[in-house]
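In case you want the letters, here they are:
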Amino acid sequence: MKKHSKIVRIEDYEPYIGGESVERIIRKAKILKNYHVIHVNSTYYGGGVAELLSPLTLLMNTVGIKAGWRVIQGAPDFFSITKKMHNGLQGGEINLSDRKKAIYEQTVLENSIRNHFDHDLVVVHDPQPLPLINYYQKKCPWVWRCHIDLSHPHPELWRYLASFVEKYDAAILSIEEYRQNLSIPQLFFLPAIDPFSIKNRKMDETAIEERLQYYNIPTDLPLVVQISRFDRWKDPEGVIKAFKIARKEVDCTLVLLGNVATDDPEGTTVYESLLDQREERIIILSREDSSLVNALQSKAAVVLQKSIREGFGLTVTEAMWKGTPVIGGNVGGIRYQIEDGVNGFLVNSVKETADRIVRLLKDPKLRDEMGHAAREKVRRNFLLSRLLEEYLDLFNSFETKYIYKG
Ligand code: UDP
């Protein structure tokens, strides 16, 4: 009988990172055998954090770390407030009223009652569960991992959230540019992808065609694709505008695939606001289907990630891994993935986006060269094995140096 279930092990990464790297990671993990760590965030699916925690916690377990994953719960008004905070951290306006603070802190307090932590380390992801630290007798290091673009946080909001962050032992941000004025150590971990997942593993041509046909996506013209949560920071409007300019010069089809995370109540409104722009060659879809994501990223002539702010952008890495050139907004973490003109393009406007779409669609050789460089960039820098090793180094550093703060 064909076996359908398998858990990826670090040894499986050998073809991509080499035997020496695998051995080194195993050695680092051995010292930490049975180290007990818990990750806490606010959604099981939708968005990059869930996408990352799912394979990362499994991989940690296969190297001997007892890694768990908890998701905090909240009513819609809680998530409406935390989404406003998310927007504020990315530079948007927020009216930070006492009412909002009270709902935020009360919901997190309730979650603290339900969650018992008896671990060697607690990793809290993003602002939603951030105040948890207020409600525990701290017995181990606590680390705050922020995945958001912190280049221009709303000052009043940041002051408020920093009062919680300061109680942690360290903060992990995605890139150096997000560094804040904090008294605790700040580390920088770039996110990574699981190359073995349904979304990222090699799909053969027949399977790709089958998925695209299933959703009535035509492949007679080159595909221009953006896959993102429906979120204004991802600039779906700008994508449609750029596509409309580009198609005056080259015939092509646009596919905007998106989803809505459970902790993002604005998604449905953004999705609905786009629907009247649908046409035969502008396909806007909301489906949860990892194989469709894979098929689109693999088949696309060009993938866009025209974000206005972007903590990192897993979608960029995912497409690059499939050898597809990506045109990304010249912001945040995208700049660490795309080398402009080498493995994709960085753009600052709708016009530039349209121009780069046309260039790539007209030049298959350029697409090939950039696609090749893109995959290599991911192989070297953005596979989960690298992120696992960074966490192991962090755990080891706490094991040898940690002095309880309180
Ligand atoms: N994603 C998906 N289906 C969609 C839209 C997004 O599976 O319709 C996935 C996408 O493939 C990626 C994640 O959601 O793995 C989004 O992560 P990213 O870091 O790009 O953005 P975030 O949503 O965290 O801001």
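Let us look at the structure shown here.

Parameters and conventions
Numbers given for residues are sequential positions, taken from 1 along each chain in its written order. Reporting in this predicted model follows two pLDDT cut-offs: at least 70 for local features of residues, and 80 or more for side-chain atom pairs to be given and counted; totals over whole chains, interfaces and linings ignore these cut-offs and use all residues. With hydrogens and water stripped out, all remaining heavy atoms of the structure feed into the side-chain values. Here, nonpolar core refers to any group of buried Ala, Val, Leu, Ile, Met, Phe, Trp, Tyr and Cys residues whose side-chain atoms link them within 4.5 Å. Classification of residues uses two cut-offs on accessible area relative to the type maximum, computed with a 1.4 Å probe and protein chains only: under 20% is buried, over 50% is exposed, and between them is partly exposed. Helix numbering and strand numbering both begin at the N terminus, where a helix is a DSSP run of H or I of at least 4 residues and a strand a DSSP run of E of at least 2. Two residues form a contact once any of their heavy atoms are found within 4.5 Å. When DSSP finds two or more bridges between a pair of strands, those strands are recorded as paired. To define axes, lines are fitted to C-alpha atoms, for helices over the stretch in contact only, and angles between the resulting N-to-C directions are given on a 0 to 180 degree scale.

**Re the nonpolar core**
Here comes step 1: Membership of the largest hydrophobic core comes to 105 residues, with the highest contact counts inside it found for I65, Y104, W142, I217, L296, Y391 and F395.
Here comes step 2: Per element, the largest residue contribution to this core is eight residues, and it comes from helix α14 (residues 384-401).
Here comes step 3: Contacts of F395, omitting those with residues within four sequence positions, involve L32, Y35, V37, M60, I65 and L121.
Here comes step 4: Counting residues in each nonpolar core, the second largest holds 29 residues, with V224, V239, A246 and V250 among its members.

**Describing the pairing of strand β4 (residues 142-145)**
Here comes step 1: Because side chains alternate across β4, one face comprises the buried residues W142 and W144, and the other comprises V143 and R145, equally buried.
Here comes step 2: Pairing of strand β3 (residues 121-125) with β4 involves four bridges; the strand directions are parallel. The residue of β4 that forms the bridge with V124 is W144.
Here comes step 3: Inspection of the sheet shows β4 paired to strand β5 (residues 170-173) by three bridges, in the parallel sense. Bridging from a neighbouring strand, W144 pairs with A171 of β5.

**Observations regarding the sheet that holds strand β12 (residues 344-347)**
Here comes step 1: With parallel pairing, six strands are arranged side by side in an open sheet as β9-β8-β7-β10-β11-β12. A strand with exactly one partner marks an edge of an open sheet, and here the two such strands are β9 (282-286) and β12. Strand-to-strand, the axes of this sheet are offset by a mean angle of 20 degrees, without reference to chain direction.

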